[in-house]
Amino acid sequence: MIWASSVAAVMMGIAAFFVRMRAAKKPTTAKKIIMPPLFMSTGALMFLFPEFRVTWLELLEATAVGMVFSLLLMKTTNFEIRDDAIYLKRSKAFPIILMTLLIVRIISKLVLSTTIDIGELGGMFFILAFAMIVPWRMAMYSQYIKLKRQMSVQMIDTTKKSTIRPI
């Protein structure tokens, strides 16, 4: 079971890499930033089942690790204004960080599966992932809003300049 979930994690990591590369080719929107954590939040329904429940200490540990990992993602995520739209900037470090996080996750899972029940471990890794994605997406959204405001100010300035005509 551990190996199967590790293979699935590798496949998801590869998919995330290609999705990220493709996303950089299209303008981003607030909806594209906000929706992934909302969709992921439905995974919390796993905690309705006792085998996935974690202790308070495990919850705090997973949340802390997830938030530390989110800092790496925040550092490698930037936007740029191109063609009057906001685009995700490609980062050379992102694929390396993504693969490193994936390797750390797999090694952690292999080590922790000897002492923590597989259901609890699944719950902990869900919490870790959620605690990583939510702050990262919040930082992305904040950056996006700043650029959106900057674009609005630039448009207003351009409009004012084009409407002022010498006498």
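Report on the accompanying structure. The structure displayed is predicted, hence computed values, not measured ones.

**Thoughts on the packing of aromatic side chains**
Then, number 1: Following the criterion strictly, the structure yields three aromatic pairs and no others.
Then, number 2: Consider the rings of F79 and Y144, whose centres lie 6.4 Å apart with planes at 70°: the pair is edge-to-face. Here F79 is found in strand β1 (residues 79–82), whereas its partner Y144 is found in helix α5 (residues 118–163), with 65 residues between them in sequence. Here F79 and Y144 have matching classes, each one buried.
Then, number 3: Pairwise contacts between aromatic rings join F47, F126 and F130 into one cluster.
Then, number 4: In this structure, R82 is placed above the aromatic ring of Y87, and the distance from its NZ or CZ to the ring centre is 4.0 Å.
Then, number 5: Looking at R137, its charged tip hangs above the ring of W136, at a distance of 4.9 Å from the centre.

**What about the pairing of strand β2 (residues 85–88)?**
Then, number 1: Every second residue of β2 is oriented toward a common face, with A85 and Y87 on one face and I86 and L88 on the other, all of them buried.
Then, number 2: In terms of strand pairing, β1 meets β2 through four bridges, oriented antiparallel. Residue pairing across strands places I81 opposite I86, the latter belonging to β2.
Then, number 3: In sequence, β1 turns back onto β2 through a hairpin of two residues, with D83 there showing a positive phi of about 50°.

**Thoughts on a nonpolar patch on the surface**
Then, number 1: On the surface, V7, V10, M11, I14, F18 and M99 cluster together into a nonpolar patch covering about 530 Å² of accessible area.
Then, number 2: Per element, the largest residue contribution to the nonpolar patch is five residues, and it comes from helix α1 (residues 2–23).
Then, number 3: Tracing the backbone through its elements, the reader meets I14 in helix α1.

**A closer look at unusual backbone geometry**
Then, number 1: If you check the backbone angles, D83 has positive phi at about 50° while not being a glycine.
Then, number 2: Looking at where D83 falls in the secondary structure, it is placed in the loop between β1 and β2.
Then, number 3: With a phi angle near 55°, D84 is a residue other than glycine that sits in the positive phi range.

Procedures and definitions
Residues numbered from 1 in each chain as written. Predicted model: local features only at pLDDT ≥ 70, side-chain atom pairs only at ≥ 80, totals over all residues. Heavy atoms only, no water. Phe/Tyr/Trp six-rings, centres within 6.5 Å; stacked < 30°, edge-to-face > 60°. Helix = DSSP H or I, 4+ residues; strand = E, 2+ residues; numbered from the N terminus. Buried < 20%, exposed > 50% of the residue type's maximum accessible area, 1.4 Å probe, protein only. Lys NZ or Arg CZ within 6 Å of the ring centre and 35° of its normal. Pairing = 2+ DSSP bridges. Patch = residues over 30% accessible without salt bridge, like charges linked within 9 Å, V, L, I, M, F, W, Y side chains within 5 Å. Areas by Shrake-Rupley, 256 points an atom, 1.4 Å probe, with all protein chains shown as cover. Salt bridge = Lys/Arg side-chain N within 4 Å of Asp/Glu carboxyl O.

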